[in-house]
Amino acid sequence: MVTPVLSRSIWRYFFRHPWVILLSILGVAIGVAVVVSVDIANTSAQRAFELSLESVTGRATHQVIGSPLGLDEDVYVELKLEFGEVASSPVVEGYVVVEGETLQMLGLDFFSDTYFSEQLSGISNEAMLSLILEPDTVFIAWKTGDRMGISPGDTISISVGGEEKEVRVVDFVGQEEGSTLDGLVTADISTAQEILGKTGYIDRINLILPEEGVLLASIEEWLPEGTTIISTAARNESTLKMTNAFSVNLTAMSLLALLVGMFLIYNTMTFSVLQRRGLIGSLRVLGATRREIFTEVLIEAGVIGFIGTSLGVLLGILLGQGMVKLVLRTVNDLYFVLTVSSFLVSGGIIIKGMLLGVATSIVAAFIPALEAASSPPQIVRFRSIMESLAHRLLPYLSLAGILMMAVSIAVLFLSSKSVLAGFVSLFLLVIGFALCIPVLVEFISRGVGSLMGKRTSILIKMAATGISGSISRTGTAIAALAVAISVVVGMGIMISSFRGTVDQWLGQALQGDIYVTTTSDVSKRSENPLPEDIVTGVMAMDGIEAVKEMKTVYVETASGVVEVRAINTIEQSKREYRLKEGDYTQAWGNFEKGESVFVSEPYAYKGGISLGDSVSLITEEGEQQFMVSGIYYDYSTDQGIVLIPQIIYTEYWHDSTISSMSLYLEDKADKEDIMAAIRAEVAGREGVVVRDNMDIRKSGLDVFDQTFMITRVLEFLVIIVAFIGILSTLMAYQLEKVKEIGVLRATGVTPRQVWGIMSLQTGFMGAISGVLAIPLGIVMSVILILVINIRSFGWSMQMTISSGSIVEALAIAVGAALLASIYPAWKMSRISPAEALREE
Amino acid sequence: MDKKKEKSSLISLEHISKSFTEGSVVHRVLKSVNAEFVEGECIVLLGRSGSGKSTLLNLIGGIDRPDSGRIVIGGVDITALSEHRRTLFRRKNIGFIYQFFNLIPTLTVLENVLLPLELNGRNDRSRALELLDEVSLLDRKADYPDRLSGGEQQRIAIIRALVHDPIIILADEPTGNIDKKTGQNILDVMERLIRKRNKNLILVTHSKEVAKFADRLLLLEEGVLKKRSREIVW
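Because the structure is a prediction, the values reported are computed rather than measured. (Residues numbered from 1 in each chain as written. Chains lettered and ligands numbered in written order. Predicted model: local features only at pLDDT ≥ 70, side-chain atom pairs only at ≥ 80, totals over all residues.)

Considerations on the overall build of chain A
- Scanning chain A from N- to C-terminus turns up 29 helices and 21 strands.
- Within chain A, contacts between residues separated by at least 24 positions form 86% of all contacts whose residues are at least 6 apart in sequence. (Helix = DSSP H or I, 4+ residues; strand = E, 2+ residues; numbered from the N terminus. Contact = placed C-beta atoms within 7 Å.)

In structure tokens form, the structure reads like this:
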């Protein structure tokens, strides 16, 4: 039982030195804020996607879908006649752009038996009638309209595949309390068919069916060739899984920030115990039991943790708003179009953040609490003995660290494809290495001290050996900074290796000189076709040696939707697909004859596909198997691509359109002239763009850099936490060194020299952190590149360690340490020797 | 300046006042103190705890400034010097010995002794070694202070105070934190190294044995410095 007076006697220390408590609260707060914000961003994006799926699927349990070009609308009529008892509704869907924002358009049949989207329940009959009877009329989600300043009755301009169309907004949908509808434009099915250019076609038929039953089997049997029935829940789940690896990576990064925060709390609690060793010693002499001291220190940590965590949660909510935008941008760039207007802060996130922060604080304070409680009273009073204890503890700490690293390696080799196991291994490695850091610091500090010759200034020597002399404090601070810097090194190497690989790949994959493509995806199932006259016109131009034609469609498979690219085979384009597996001559030979397909590396990794295996795709001719003769490098999507010969596509999907052309020019041809000619050809035709390969390459790298922006933000936050760690160490250090500085000042050391010693020592601490962070960072990058990246995305990349990233890490380490030293050094230089010595 | 006077008066305290504020209470520790110390003199300062002895020592050493008055050492008014100049003056001319030794824990014994020399731009290791030998601690030169006994630490502190040949040595209770026998040993060292070398010493103590050391005894009472005869001290 801790008595109030005992508690007060201990707590008043913090009131005398408020910065001790403030810095630790700040450290916990930032650590927790990062975790909470990433959690909010992930959950919001996930929820937004669920809502997006919900708003288009409604209560439908199943969907009938056809080829990427859609279902003939007669299929719906026939289904209705055959299975009149089944609630069904045809749907046309696609994307439109309103005021620069991409929105989803849903075309619904309001006469069908069952209306699936409950959100439309609040619409008046008049409004519904207008929508059905009047052409070019739409409903728009209230949240979207409100955001864009659109009111019912307004005529708005919508862009479909680059073409502008005028429509009138009849009413809002989703006006009721708590509605989550956003980013949605709804129209009558015939209006949507016209706007989206799908006259006579529908995208799917929504059905409400019992999960397993005779009815389902009967419909499956009845369905015409080229159509299939899928479960809505299973489909949604597989789509949601797309972003799993991305979320896990972000979460791991945020936990790393908390880990650094944990070092900070440990540091603070150790300092606060060390600072009060005299007080604790006196209390022990007066009769305070070990348990009381132990409990008191843990209570302190709990209180600091609670305050820091509460602030961290608030800060995390603020930070989360920015983070949601970054995550959303990445999801939009890499996966699918999302509108997150629901900023989701659930009780679960808050509770998780609170538990994590408070528990981390208590765990971090456990060792200092034990240290304070277990020492005999007379020992607690002497710092030199405490330092000796710390020195004696170092070998055991290192041993524990080495064991952890061994377990880390074992986890790495024993787990096959688990991303989580990869991260567990990475964390064990980081913690294990961090435990070895104090002994390495001791070694380096003493080594440098002894290397300094007799001619080296004693003040400089003091700066070096002082680190080893206060290892119980400096060791943790250096470990925290080293871990933070290793994140910079590891992530830096990973990102630069990745960027280098992508850059090289773009160079190889963009062999064409000019690209003619459609601008945006109107349909969710296929890219817009290039108008035939443009294709013929361009092909007839002079100076063009060869043309690669491509059509991209999204095809249903057993494991979800897959991107299928159909190409004609020309010699020039073969170089664009570098094979990872497969014999070049044989693979292309089979491909050209239409006997096989290629798959991209991520597709092969995730599906466990090897050469000779088959991929199953649903075509207009029903489900077909295609043999894989090549696995090629591709970094455009982590969802994977099936590359098929154009002849297969035409044969099985009954479609001869193309969505892009790559033009290979003759050697003497003038690129600019040809581009100008093509631009003239497509002038006035909306939705077609002409770009050269350099332009595409640049925008590809821009997307890459944008994607990693969030990683940079997290890296920065990790460094901030470590910076606070160094600052708090130095502040505590300054408090401890008051008398020593007083003696130095009395002996004739000037304030500037005191500043110099302090800066030198801190710079040295930063340099040690930087040096130790380099091997850890490199190993971290190896795990990230060879294990986590492959397990998450299926991409292999060439590892390149640039001297730039190493120098950058060292500069950040020394810079952060020196920056953190400014205030403590200034305070130390201002210590009055008389005051300092009077404390005796 | 008169040469005779310069020799006879090394330190001059003129109307020195110093007060400290604790909350709203102002403690006037020194009230217009006047004194003159001559070259080679050993002064022992007596007084009750909190009487201002250490404060006076700090003022003479230039590590603190009086509220008013002048302190002239060797013709230099140290109260008129800037912080930086005062530090440089102290570095060259003053040596401190403390009750709690105050050796730098992260420096070896030799480095502790070398520090004042180095600060004065002299890397005279032979002098440091010679002094270490004189106090019989040459074999401990590579040790860190925490390996030494209290008496050994104080001997190091004494040679650190005089290694750079300062004009004044200020000692604040040099035997206050060691046993009687070791204290006697310290006094012997001080006698040998400071008194016999005709150094100026101002010493604060409570000890009768140490007081015997003095050429002159001064008593600080209620902020005023009074002369004391040897007989009525104890």
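Some thoughts on the overall build of chain B
- Each helix and strand in chain B was counted, giving eight helices and ten strands.
- Over its C-alpha atoms, taken along the principal directions, chain B stretches across nearly 50 × 45 × 40 Å.
- Relative to its full complement of 234 residues, chain B shows a buried share of 45%.
- Look at the contacts in chain B between residues 6 or more apart in sequence, and 71% of them connect residues 24 or more apart. (Buried ≥ 20, exposed ≤ 12 C-beta atoms within 10 Å, placed from the backbone.)

Some thoughts on the domain arrangement of chain A
- By the assigned domains, chain A splits into domain 1 (71–202) and domain 2 (520–686).
- Of note, the centres of domain 1 of chain A and domain 2 of chain A, computed from C-alpha atoms alone, are 32 Å apart. (Domains from an automatic or database assignment.)

Considerations on the interface of chain A and chain B
- The interface is formed by 23 residues belonging to chain A together with 26 residues belonging to chain B.
- Among the elements of the structure, helix 16 (458–469), helix 26 (738–747) and helix 29 (833–838) of chain A are those that each provide at least two residues to the side of chain A that touches chain B.
- Class assignment of the residues belonging to the side of chain A that touches chain B gives a composition of nine nonpolar, eight polar and six charged. (Nonpolar A, V, L, I, M, F, W, Y, C, P; charged D, E, K, R; others polar.)

Considering the confidence of the model for chain B
Residue and element names in this part refer to chain B.
- Of all residues in chain B, 94% attain a pLDDT of 70 or more, and the chain-wide mean is 85.
- Residue range residues 1–6 is modelled with pLDDT below 50. Its contacts to residues more than four positions away, or to other chains, number three contacts.
- Two numbers describe this predicted complex: its pTM, 0.72, and its ipTM, 0.79. (pLDDT = per-residue confidence, 0-100.)

Overview of helix 2 (residues 53–61) of chain B
- Buried residues dominate helix 2 of chain B, accounting for nine of its nine residues.
- Among the residues of helix 2 of chain B, Lys53, Ser54, Thr55, Leu56, Leu57, Asn58, Leu59, Ile60 and Gly61 of chain B are the ones counted as buried.

Examining the confidence of the model for chain A
- Residues of chain A with pLDDT of at least 70 account for 84%, and the chain-wide mean is 81.
- Model confidence for chain A, summarised as mean pLDDT per element, is weakest for helix 13 (residues 377–380) of chain A at 51 and strongest for strand 16 (residues 596–600) of chain A at 94.

Considerations on unusual backbone geometry
All names here are of chain B.
- With phi around 50°, Glu173 is a residue other than glycine that occupies positive phi space.
- The residue Glu173 is located in the loop between strand 7 (168–172) and helix 7 (180–195) in this model.
- Note on Glu173: 20 C-beta atoms within 10 Å, which makes it buried.
- At Glu222, a position not held by glycine, the phi torsion is positive, near 50°.

Remarks on the packing of helix 4 (residues 109–119) of chain B against helix 5 (residues 125–134) of chain B
Residue and element names in this part refer to chain B.
- Where helix 4 meets helix 5, the closest approach of the two axes is 9 Å, and the angle between their N-to-C directions is 130°. As the angle between them shows, helix 4 and helix 5 are arranged oblique. Between helix 4 and helix 5 the crossing geometry is right-handed. Touching Leu110, Val113, Leu114 and Leu117 of helix 4 are Arg125, Arg127, Ala128, Leu131 and Leu132, all from helix 5.
- Counted by class, the contact of helix 4 with helix 5 contains seven nonpolar, no polar and two charged residues. (Axes fitted to C-alpha atoms, helices over the stretch in contact; angles between N-to-C directions. Parallel < 35°, antiparallel > 145°, perpendicular 65-115°, else oblique. Left-handed = near helix turned anticlockwise from the far one by under 90°.)

Topic: the sheet that holds strand 4 (residues 68–73) of chain B
Residue and element names in this part refer to chain B.
- Here four strands make up an open sheet; going across it, the order is 2-1-4-5 and the pairing antiparallel. At either end of the open sheet lies a strand with only one pairing partner, and these are strand 2 (25–37) and strand 5 (76–77).
- Note that strand 4 and strand 5 share two bridges and pair antiparallel. Each bridged residue has a counterpart across the sheet, and for Ile73 the counterpart in strand 5 is Val76. (Pairing = 2+ DSSP bridges.)

Let's talk about the packing of helix 15 (residues 419–451) of chain A against helix 27 (residues 751–793) of chain A
Residues and elements named next belong to chain A.
- The N-to-C vectors of helix 15 and helix 27 enclose an angle of 170°; their axes lie 10 Å apart at closest approach. Taken together, the axis directions place helix 15 and helix 27 in an arrangement best described as roughly antiparallel. Of the residues in helix 27, those touching helix 15 at Val419, Gly422, Phe423, Ser425, Leu426, Leu429, Val430, Phe433, Ile437, Leu440, Val441 and Ile444 are Ile768, Leu772, Leu776, Val779, Met780, Ile783, Val787, Ile788, Arg791 and Ser792.

Section: the environment of Val297 of chain A
- Its location among the elements puts Val297 of chain A in helix 11 (residues 290–334).
- A count of 24 C-beta atoms within 10 Å places Val297 of chain A in the buried class.

Describing the environment of Lys143 of chain A
- Counting through the fold element by element, Lys143 of chain A comes out in helix 5 (residues 142–148).
- Between the C-alpha atoms of Lys143 of chain A and Gln572 of chain A, which are 429 residues apart in sequence, the distance is 49 Å.

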